[in-house]
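# Notes for the structure review
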Amino acid sequence: MAKAYTPGLKVAARVLHRARRLLPIRGDVLVKVGDRVGAQQIVAQTFMPGDVMPLNLANLLASSPADVPGCMLKKEGDRIAVGEPLARTKGIFGKFRTEYPSKLAGTIESISSVTGQVILRGEPQALQVDAFLAGRVVEIIPDEGCIIEAEVTLVQGIFGIGGETYGPIRIACKSHAQELTADLILPEMKGCVVVGGARIDMDAIQRARQVGVSAVVTGGLDDKDLEELLGYNLGVAITGSERVGLTLIVTEGFGEIAMAERTFKLLASRQGDQAAVNGATQIRAGVMRPEIVIPLTEQEIARDSESVVTEGYLDIGMPVRIIRDPYFGLIGSVSALPSELRVLASGSKARVLEVKLESGEDVVIPRANVELIEG
């Protein structure tokens, strides 16, 4: 029986997963309810207005601003291509004319006889949203996008950088406790989602970028290596837009931490299968988590049709990770589950649990502030 756990990190061999795929501005939805889509299939698209580009034609033609409208070979609303004549002076007795070929492509928005400027609007930029999750469209959000649903193997991490990417799962380490070093990153891993064990070092990250790895998933990362990779201290932010040459997901935390054995074995069982990976993380809030999504095939679904997903339970002795300050990233085990509500420092009431940290310290925190890291 596969299990996924809430609150917190989900590690599930089989779970019903949904992806909400929306455009940032209104546009066209290209699919309909019931359609089956591939991970990289475009499901919605729109066009962003092109950049505004002012041209001082009075200077370029050595003419007065008032003469510019009469020199124009195009009118407002016309399209212009690179190299196409945009304006030409009258010259003297039909001679000594000056012509200006456009260095930009776009649409003429305005022509001013006061400033001598012509405003060009660049070509519209296509903005497309792909499915990310290979599955079935279950809902259309008009002019915005859709919701896709599929049964998947799902692993969420505690932290990630880099955006959405794709590739087959490739296991690089022999065990969940083996560090991911540069010599384990092979040329044939180009385009793959490489799974390590414990901490990855900077040399291995550089090697993965050189090889062309799509994503790396591993247990731990040194915070100094992260700062070196990014070139700045990340702080509190939403990640996912970094351009570092790959997507990197850490499943356990910062430091020399081994990947949870259950997580490693689960990913190893899916070696060779296509995965969709997203490193976007909302730091210290736990709302947006990096994830590795591996859709199940129709044969897998049919073969194990009785599998179920259970969610949302805690029990004494379960290992947990704290996902909010002041104990963010610390690991311990559940030592007590008081049934009564407790008053928090903020004055609000919530259900809490007691956690014995690896250091031996006992802390009391809201239940929503932890994630289960083992099944």
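Refer to the preceding data block for the structure.
Residues numbered from 1 in each chain as written. Predicted model: local features only at pLDDT ≥ 70, side-chain atom pairs only at ≥ 80, totals over all residues. Heavy atoms only, no water.

### Thoughts on the overall build of the protein
Across its full length, the protein carries 6 helices and 27 strands. Counting the 375 residues in the protein, one finds 45% classified as buried. Accessible surface computed for the protein: about 18200 Å², of which carbon and sulfur atoms make up 51%. (Helix = DSSP H or I, 4+ residues; strand = E, 2+ residues; numbered from the N terminus. Buried < 20%, exposed > 50% of the residue type's maximum accessible area, 1.4 Å probe, protein only. Areas by Shrake-Rupley, 256 points an atom, 1.4 Å probe, with all protein chains shown as cover.)

### Overview of unusual backbone geometry
Even without being a glycine, alanine 62 presents a positive backbone phi close to 55°. Within the secondary structure, alanine 62 is located in the loop between helix 1 (57-61) and helix 2 (68-71). Although it is not a glycine, aspartate 143 sits at a positive phi angle of roughly 65°. Assignment of secondary structure puts aspartate 143 in the loop between strand 12 (135-141) and strand 13 (145-156).

### Side note on the pairing of strand 21 (residues 319-322)
Where strand 21 lies against strand 22 (residues 331-336), 3 bridges are found, and the strand directions are antiparallel. Looking at the pairing, arginine 321 lines up with isoleucine 331 of strand 22. With 3 bridges joining them, strand 21 and strand 27 (residues 370-372) adopt antiparallel strand pairing. Within the sheet, the bridge partner assigned to valine 320 lies in strand 27 and is leucine 372. (Pairing = 2+ DSSP bridges.)

### As for the pairing of strand 12
If a strand is regular, its side chains alternate between the two faces of the sheet. Pairing between strand 3 (residues 36-37) and strand 12: 2 bridges, direction antiparallel. Pairing of arginine 36 across the sheet is with arginine 136, part of strand 12. One ladder, built from 5 bridges, connects strand 12 with strand 13; its direction is antiparallel. Note that in strand 13 the partner of isoleucine 140 across the bridge is cysteine 146. Here strand 12 folds back onto strand 13 in antiparallel fashion, the turn holding 3 residues, of which aspartate 143 has a positive phi close to 65°.

### Considering the environment of glutamate 99
Relative to the helices and strands, glutamate 99 resides in strand 8 (residues 99-101). We classify glutamate 99 as partly exposed; its relative accessible area is 39%. In this structure the C-alpha to C-alpha distance between glutamate 99 and cysteine 71, which are 28 residues apart in sequence, comes to 9.0 Å. Beyond its immediate sequence surroundings of up to four residues, glutamate 99 is in contact with Pro85, Ala87 and Arg88. A polar atom in the side chain of glutamate 99 sits 2.7 Å from the side chain of arginine 88. (Contact = heavy atoms within 4.5 Å. Polar contact = N/O pair within 3.5 Å; in protein donor to acceptor, adjacent residues only side chain to side chain.)

### A short note on the sheet that holds strand 22
Spatial ordering of the open sheet is given by 26-25-22-21-27, a layout of 5 strands whose pairing is antiparallel. This sheet does not close on itself; its edge strands, each paired only once, are strand 26 (362-366) and strand 27. Each strand axis lies, on average, 45° off the axis of its neighbour in the sheet, ignoring direction. Of the pairings in the sheet, the one linking strand 22 to strand 25 (residues 352-357) comprises 4 bridges and is antiparallel in character. Bridge pairing in strand 25 places glycine 332 opposite leucine 357. (Axes fitted to C-alpha atoms, helices over the stretch in contact; angles between N-to-C directions.)

### Topic: the pattern of salt bridges
Tallying each qualifying case throughout the model produces 18 salt bridges. Among the ionic pairs, arginine 18 bridges to glutamate 149, the shortest N-O distance being 2.8 Å. With arginine 18 in strand 1 (residues 11-22) and glutamate 149 in strand 13, the pair connects residues that are 131 residues apart, well separated along the chain. Arginine 26 serves as the salt-bridge partner of aspartate 143, at 2.4 Å between the closest nitrogen and oxygen. With aspartate 143 in the loop between strand 12 and strand 13 and arginine 26 in the loop between strand 1 and strand 2 (28-29), this pair connects stretches of sequence that are 117 residues apart. With relative accessibility at 32%, the residue aspartate 143 sits in the partly exposed group. Taking the relative accessible area as the measure of exposure, arginine 26 reaches 58% and is therefore exposed. Among the charged side chains, a network of salt bridges with common partners joins Arg21, Asp130 and Glu164. (Salt bridge = Lys/Arg side-chain N within 4 Å of Asp/Glu carboxyl O.)

### Focus: the packing of aromatic side chains
In this description, a pair of aromatic rings is defined by centroid distance and the angle of the planes. The full count for this structure, using the stated rule, is 2 aromatic pairs. When the centroid spacing of 6.1 Å and the interplanar angle of 55° are considered together, the rings of phenylalanine 132 and tyrosine 166 count as tilted. Taken together, the residues span a long stretch of sequence, with phenylalanine 132 in the loop between strand 11 (125-130) and strand 12 and tyrosine 166 in strand 15 (residues 164-171) at a distance of 34 residues. Residue classification places phenylalanine 132 among the buried positions, given a relative accessible area of 3%. Measuring from centroid to centroid gives 5.3 Å for phenylalanine 159 and phenylalanine 254, while their planes differ by 50°, and the two rings are tilted. (Phe/Tyr/Trp six-rings, centres within 6.5 Å; stacked < 30°, edge-to-face > 60°.)

### Some thoughts on the nonpolar core
Nonpolar side chains in soluble globular proteins tend to be buried together. Residues Leu248 and Ile292 are the most contacted members of the largest nonpolar core, which totals 45 residues. Ranked by the residues each element gives to this core, the list is headed by helix 3 (residues 202-211), at 5 residues. If near-sequence neighbours (up to four positions away) are discounted, isoleucine 292 is found in contact with Thr153, Leu154, Val155, Ile169, Val217, Ile249, Leu267, Ala275, Ala276 and Val277. Core analysis: the next-biggest nonpolar cluster, separate from the first, contains 22 residues, Val31, Ala44, Phe132 and Tyr166 among them. (Core = buried A, V, L, I, M, F, W, Y, C linked by side-chain atoms within 4.5 Å.)

Without other data, these values stay purely geometric and don't point to any function.
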